[in-house]
Amino acid sequence: MDAILQKESLGRWIAKLQERGEVYAPEFVEDAWEFTKVERGASVELDHTNTVLPAKGFVFPQREVLYRFRIENGKTPELTDTELSVKPMVVFGVRPCDGRATVRNDRVFTCGVSDPYYQARRDSVVFIGLACNAPPSPNCFCVAVGGSPCSEDGLDVLMTDLDGRYHVKALTDKGRDVVNAASDLFQAATAADRNEVSNAQVAALEYPQRSISAMDLVVAALKRNFESPLWDQLARTCIGCGACTYLCPTCHCFDINDEVTSKSPLTGARVRTWDNCQFPDFTMHSSGHNPREDTGARLRQRICHKLLYFVETHNMQQCTGCGRCITHCPVGIDIVRIANVMEEGVWQ
Ligand code: SF4
Ligand code: SF4
């Protein structure tokens, strides 16, 4: 199902969707793009580069309460489950790399055993993508990891900017539902419109991107070089800030802690928060032994998880080429450069 939306009608579509739930879109706040809630009547212009934080937080929030507890002497402990019904949300302006990240996060959270907290959000959130048809960030490399600037993977709707209007393609039942909610705003797409979309997609593929030309060689080189001392050299400047993983749309590690609000009676909440494999205590055993005790071992884990282990278990890279970990690393550690060092056989 595809249709045309004039740009001046975007606000009315959003207003229609706000009658059903919350709407989010990228907004330039201070000096960066971030997803913010669209207030009623606010205008939205979808001309953003990638947001600093990815869209994964809508389905896997940075902090969430799993349940609350109350333990009083002589009484049975009371556990109160978190209400799993999530308000309907529509997120506009999701770039294709973040859409493809959702496919990977689905594998982690719904494959085999389904995580009910993730699943409840996944069922309630509609991701409306925006194809990239302008020069991307200098660190984008979606094509190198099997994606494209107009990938539909993981999205409910894909919009393509056609200069004055959007081509809007509904991809899932949730996507068709949000388009049908304002059907009077859309016009039928013509063959000429579709032709224009195809041309925009071909042009987008020609914009410069970083490249990794032989991913199969990278996989083989990662296997061969697990013990290489070069990991320590590459990671020598890493300060362990964790920006690379917190900002990654596919990083999904979490920790679970009890936050106590009173000691008598004992009350509090069991809380899940994002965790980070670049932190020294991520793998610290209670004995004091740490199997990844230096930055080289931790960098190796991050790169191998992205480009080797996930390929072995799910037949896809756990990297969508968004470039955030490169752009925001304060010391310039660069996953593309590392992959290319391997591809070129420098490590052997
Ligand atoms: S590893 Fe880096 S480039 Fe790949 S998806 Fe994560 S943040 Fe983006
Ligand atoms: S962003 Fe850079 S410095 Fe920070 S933990 Fe990641 S690799 Fe290390």
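Each value, and the rule that gives it
- Residues numbered from 1 in each chain as written.
- Chains lettered and ligands numbered in written order.
- Predicted model: local features only at pLDDT ≥ 70, side-chain atom pairs only at ≥ 80, totals over all residues.
- Heavy atoms only, no water.
- Helix = DSSP H or I, 4+ residues; strand = E, 2+ residues; numbered from the N terminus.
- Rg over C-alpha atoms; globule rule 2.2 N^0.38 Å.
- Buried < 20%, exposed > 50% of the residue type's maximum accessible area, 1.4 Å probe, protein only.
- Domains from an automatic or database assignment.
- Contact = heavy atoms within 4.5 Å.
- Buried area = accessible area lost by both parts, 1.4 Å probe.
- Salt bridge = Lys/Arg side-chain N within 4 Å of Asp/Glu carboxyl O.
- Polar contact = N/O pair within 3.5 Å; in protein donor to acceptor, adjacent residues only side chain to side chain.
- Nonpolar A, V, L, I, M, F, W, Y, C, P; charged D, E, K, R; others polar.
- Pairing = 2+ DSSP bridges.
- Axes fitted to C-alpha atoms, helices over the stretch in contact; angles between N-to-C directions.
- Near = heavy atom within 4 Å.

1. Looking at the overall build of the chain
Thinking step 1. Per the secondary structure count, the chain includes 11 helices and 12 strands.
Thinking step 2. What you see for the chain is a C-alpha radius of gyration of 22 Å, in line with the 20 Å of a compact globule of 348 residues.
Thinking step 3. If one aligns the C-alpha atoms of the chain with their principal axes, the spans along those axes are about 65 × 65 × 40 Å.
Thinking step 4. When each of the 348 residues of the chain is scored for burial, the buried share is 51%.

2. A closer look at the domain arrangement of the chain
Thinking step 1. The domain architecture assigned to the chain consists of domain 1 (2-60 + 85-206) and domain 2 (215-253 + 276-344).
Thinking step 2. In this complex, domain 1 contributes 24 residues to the contact, which on the side of domain 2 involves 26 residues.
Thinking step 3. Here domain 1 packs against domain 2, burying approximately 2100 Å² in sum over the two surfaces, 61% of which is carbon and sulfur.
Thinking step 4. Three residues, R104, F141 and V145, lead the burial of domain 1 against domain 2; their summed loss comes to 28% of the area buried on that side.
Thinking step 5. Taken together, domain 1 and domain 2 are joined by 1 salt bridge.
Thinking step 6. Among the salt bridges present, the one from D98 reaches R324, with a minimum N-O distance of 2.9 Å.
Thinking step 7. Here domain 1 is connected to domain 2 by 12 residue pairs in polar contact (both at pLDDT 80 or more).
Thinking step 8. Residues of the side of domain 1 that touches domain 2, tallied by class, amount to 14 nonpolar, 5 polar and 5 charged.

3. Quick notes on the sheet that holds strand 4 (residues 63-71)
Thinking step 1. Across the sheet, 4 strands lie side by side as 5-4-12-11; this open sheet has antiparallel pairing. Each having just a single partner strand, strand 5 (78-81) and strand 11 (254-263) make up the two edges of the open sheet. The sheet shows a mean angle of 20 degrees between the axes of neighbouring strands, taken without regard to direction.
Thinking step 2. Inspection of the sheet shows strand 11 paired to strand 12 (residues 266-274) by 9 bridges, in the antiparallel sense.

4. Re the site of ligand 2
Thinking step 1. Around ligand 2 there are 13 residues in total, and C238, C241, G242, C244 and C329 lie nearest to it.
Thinking step 2. A class-by-class count of the residues in the shell around ligand 2 yields 9 nonpolar, 3 polar and 1 charged.

5. Thoughts on unusual backbone geometry
Thinking step 1. With omega at -5 degrees, the peptide bond leading from S264 into P265 counts as cis.
Thinking step 2. Within the secondary structure, P265 sits in the loop between strand 11 and strand 12.
Thinking step 3. Of note in this structure, D163 is not a glycine but carries a positive phi near 60 degrees.
Thinking step 4. The topology assignment puts D163 in the loop between strand 8 (157-161) and strand 9 (165-170).
Thinking step 5. If you check the backbone angles, N315 has positive phi at about 60 degrees while not being a glycine.
Thinking step 6. Checked against the element boundaries, N315 lands in the loop between helix 9 (295-314) and helix 10 (324-327).

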